[in-house]
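Examination of the molecular architecture
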Amino acid sequence: MSRPPSFTLRVSEDTGSDGQEPSPDNEGALHTSFHQLIQEQSSLVEAGLELEMQARGREHPSHLASPDACAMAWLEPGQGEQHPGYSSTTLRILASMPSRTIGRSRGAIISQYYNRTSRLRRRSSRPPLQQLCRAARPSLRQYDLETDPDRATLEEKRSLLVKELLSLSPSQRSHMLLTVPLSLAEKRTLRWELSGQRGPLQQHAQHRASSSPCGRSKDYIVLGCRGLWYRLLSLLSAAQPWHYALKQIGGRFGSSVLSYFVFLKTLLMFNIFSLLILLVFVVALQAAYPPASASPQPFTGLELLTGAGYFTHSLLYYGYYSNITLNDPCASGPDSSKCPLAAPLLPYNMPLAYVFSVGVSFLVTCILLVYSMSRSFGESYRVGSSMGNLAVKVFCAWDFKVIQRRSVKLQCENIRTQLKELLAEQRSRSRSLSLCQRLRHTAVLLLAWALLLGTVLGCVLAVSYFSEHMHTVHQDHRARGSGKRQQEAILLVLPLVVSLLNALMPHLYNLLAMWEKQESPVVEVYVAICRNLILKMVVLGLLCYQWLSRSVVCSTEECWETCVGQDLYRFVVMDFIFTLLDTLFGELIWRLILEKRLKRKQRPEFDIARNVLELIYGQTLTWLGVLFAPLLPAVQTLKLVLLFYIKKTSLMQNCQSPSKPWQASHMSTVFISLLCFPSFLGAAIFLSYTIWSVRPSETCGPFQGLETIYKSGKTWVQLLEKSNPNITWFAWVHQHLVENTSLLFFISGVLLAVIYFNIQVVRGQRRIIRLLKEQIANEGQDKIFLIQKLHSIYEQRERRA
């Protein structure tokens, strides 16, 4: 009988890294290990099959034609039905593969790590683990413990493994125990046996170390430092704001609702950075050197809504800040006659600090935005594809370190929600529409967008007319000498109307979305965001035009910048109030109506598009008002903190999970992009035009008496050049780098080039990932091909026999 050909893979070994533990992230190492296991197991099984078939051929030739009964003994129950076309010999080879034996047998695992430990011990010159590069998994050849029948019991294998582990160093021993794929109980048993069977030299060294006071104190210090380090590591996750709350939201409602709260947390970080810069360099110093101003008005409580009255002459607004050099008695002020001969130690130019603090605040925000957008873009489009993630979620998503009952329940809900999202996304991709359905859907979309543009135009005309009307009404009340409270109450009418339109129009757009019947919930959210964004940005553009054209409700004795800051403060406060009312009536009251009156078990769903647009709208108002109200980021920070807890409580108590589960893998990227380009870019253009072209107030503010705010920097450079001729280079730098607009275009081009380069890198990574997935699929096809070849060879041999 001729020997059958063997299908083996020749894998070159790296002797320099023999005994190095592979990383789970090293796909090449795992791939090499898998092929080595196939080679070893197939060689052993092939030798055994050859001997068995020779014995059968000599003794019972008829058994060669029907070996099914013997083959089924090698298989698990139900395994034979999965491969009805394979012969018994092929099924025996499949049953002997490493993926079906090593994972079940603890003895095989212990034997494997016994030989690995002995090989590690026999190496005379072993370099440190940190100096070893990542390479293939060590070969599993020459595993005498697995094939020796004299060492077949599990207890003997465990005792031999313990003896080999005792000969290693403590670091190597702990590393080897961590890599053993056994249960925690088995590892605990091995550690207990290692602690009970220490060698005499180790026991003697330990006794000497513990007997001396220095050794005991050293052990106590090491143990204390280690315990402190572990406590600090455990506190890192708790130090993150809303860490457990975000996990709870993601586990119960999925990644789509979680993206809203993550976006809110990102906005909070932006506002905290801006607030710290303005607070340290502008607000705190002006509070330390307050200017001489009129007597403050009494606080009535209405100022919390209007921003006027007591807050008018305060650190909240532009008009309170002085245009002098702080800590300089010679500056123009009430004490200018008392000018000492010695110059002050730390003079501080408030106008220059004001404009530079605002500029640095916007620069830091721009850097954080670009970084967040690039990181979010890379993460979402690198791992955003759900193809093939179902198996990963089912078999690899559980965290075995979780032991608390609440954490276990939360993780179960999170995995279940993620599986629903993946299945719903794959189901939506498999749907297809006919040509008539596509034409009908396109006609409905065009009609819906036409209605949208009509409503946006009507809202803009209504806001423009109402703004001019309220300006006339306020002037009439001031001419008749009406009360202060009545005049301040009139100021709330325009923000009230704009916030009312912003609250009602999204519900109309939701009706249009129900009429359109979008198949994908992701597309539905994107369309709703675009429609709400168009409305809000157009209305804000109209208001910005009115503010820059001085068409604001303001008295003659106040700065127009202060009046703009008060308007923006009122818009922020009114937006927060309407958000609370929408949460109350749209979620709580509607849930009570559904449960009590209509007797339905369903609850309202969380509207992601409308809530995200409210966050973007409020942040845009904050960026527009930084120049006119330096403490407006503090108001926005307080608003975001309150919104998080209010929205989280309402979500848990009043809302249900989305009826169409969907994975929001790209939502964070879309939110950051919308925040960057329409919102931040529009606010930056508005403030740049104000600084470069608009004339500031003549009687108040840090830039009074100047043609533009930008002239303050040029005036300061000229004074610096006159006072010290040795720094004329600084004036040259200001003239050719700051005043030259080509530098601004160059920086913008570099920023766009960085964004484009990052997008191309991510696209290349996505292409590589797609090629790797295709390669994995081809590897599976190769295995099927080899099994079929092996099956055909054994069939030919059986026919010849």
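Up top is the structure.
First things first, this report covers the structure right here in the doc. (Residues numbered from 1 in each chain as written. Predicted model: local features only at pLDDT ≥ 70, side-chain atom pairs only at ≥ 80, totals over all residues. Heavy atoms only, no water.)

**Description of the environment of Ile 616**
By the secondary structure assignment, Ile 616 is in helix H23 (residues 608–624). Expressed as a C-alpha distance, the spacing of Ile 616 and Leu 675, which sit 59 residues apart in the sequence, is 6.2 Å. Excluding its chain neighbours within four sequence positions, the residues that come into contact with Ile 616 are Phe 263, Phe 671, Leu 674, Leu 675 and Ser 679. (Helix = DSSP H or I, 4+ residues; strand = E, 2+ residues; numbered from the N terminus. Contact = heavy atoms within 4.5 Å.)

**Some points on the side chain of Thr 690**
One can find Thr 690 in helix H25 (residues 667–693). Within the structure, Thr 690 has its side chain in polar contact with the backbone oxygen of Phe 686 (distance 2.8 Å). (Polar contact = N/O pair within 3.5 Å; in protein donor to acceptor, adjacent residues only side chain to side chain.)

**Description of a nonpolar patch on the surface**
A cluster of nonpolar side chains, namely Leu 581, Leu 584, Phe 585, Ile 589, Trp 590, Leu 592, Ile 593 and Leu 598, defines an oily patch on the protein surface of about 670 Å² accessible area. By secondary structure assignment, the location of Leu 581 is in helix H22 (residues 560–597). (Patch = residues over 30% accessible without salt bridge, like charges linked within 9 Å, V, L, I, M, F, W, Y side chains within 5 Å. Areas by Shrake-Rupley, 256 points an atom, 1.4 Å probe, with all protein chains shown as cover. Salt bridge = Lys/Arg side-chain N within 4 Å of Asp/Glu carboxyl O.)

**Here we look at the state of the cysteines**
Enumeration over the complete set of coordinates arrives at one disulfide. Linked covalently through their sulfurs, Cys 559 and Cys 700 form a disulfide whose S-S length is 1.3 Å. One end of the pair, Cys 559, is in the loop between helix H21 (521–548) and H22; the other, Cys 700, is in the loop between H25 and helix H26 (711–723), and 141 residues separate them in sequence. The burial state of Cys 559 is the same as that of Cys 700; both residues are buried. (Disulfide = S-S within 2.5 Å. Buried < 20%, exposed > 50% of the residue type's maximum accessible area, 1.4 Å probe, protein only.)

**Structural notes on unusual backbone geometry**
In this structure, Trp 242 takes a positive phi of about 60 degrees despite not being glycine. Note on placement: Trp 242 falls in the loop between helix H11 (213–239) and helix H12 (243–253). Residue Trp 242 is classed as buried on the basis of its relative accessible area of 14%. Of note in the backbone geometry, Lys 599 takes a positive phi value of approximately 55 degrees without being a glycine. Position of Lys 599 among the secondary structure elements: in the loop between H22 and H23.

**A word on a positive patch on the surface**
A grouping of Arg 763, Arg 766, Arg 767 and Arg 770 is seen on the molecular surface, where their side chains present a positively charged patch. Position of Arg 767 among the secondary structure elements: in helix H28 (residues 741–800). Accessibility expressed as a relative area gives 53% for Arg 767, which makes it exposed. (Lys, Arg positive; Asp, Glu negative; His and termini not counted. Charge placed at Lys NZ, Arg CZ, Asp CG, Glu CD.)

**Some remarks on the pattern of salt bridges**
Should their charged atoms come close, side chains of opposite charge can pair. In total, this model carries ten salt bridges according to the counting rule given. Note that Lys 639 is salt-bridged to Asp 575, the shortest N-O span being 2.7 Å. In this pair, Lys 639 is assigned in helix H24 (residues 632–654) and Asp 575 in helix H22, connecting sequence segments 64 residues apart. Asp 575 gets classed as buried once you look at its relative accessible area, which sits at 7%. Taking the shortest distance from any N to any O, the salt bridge between Asp 607 and Arg 610 comes out at 3.3 Å. The exposure class of Asp 607 is buried, given its relative accessible area of 18%.

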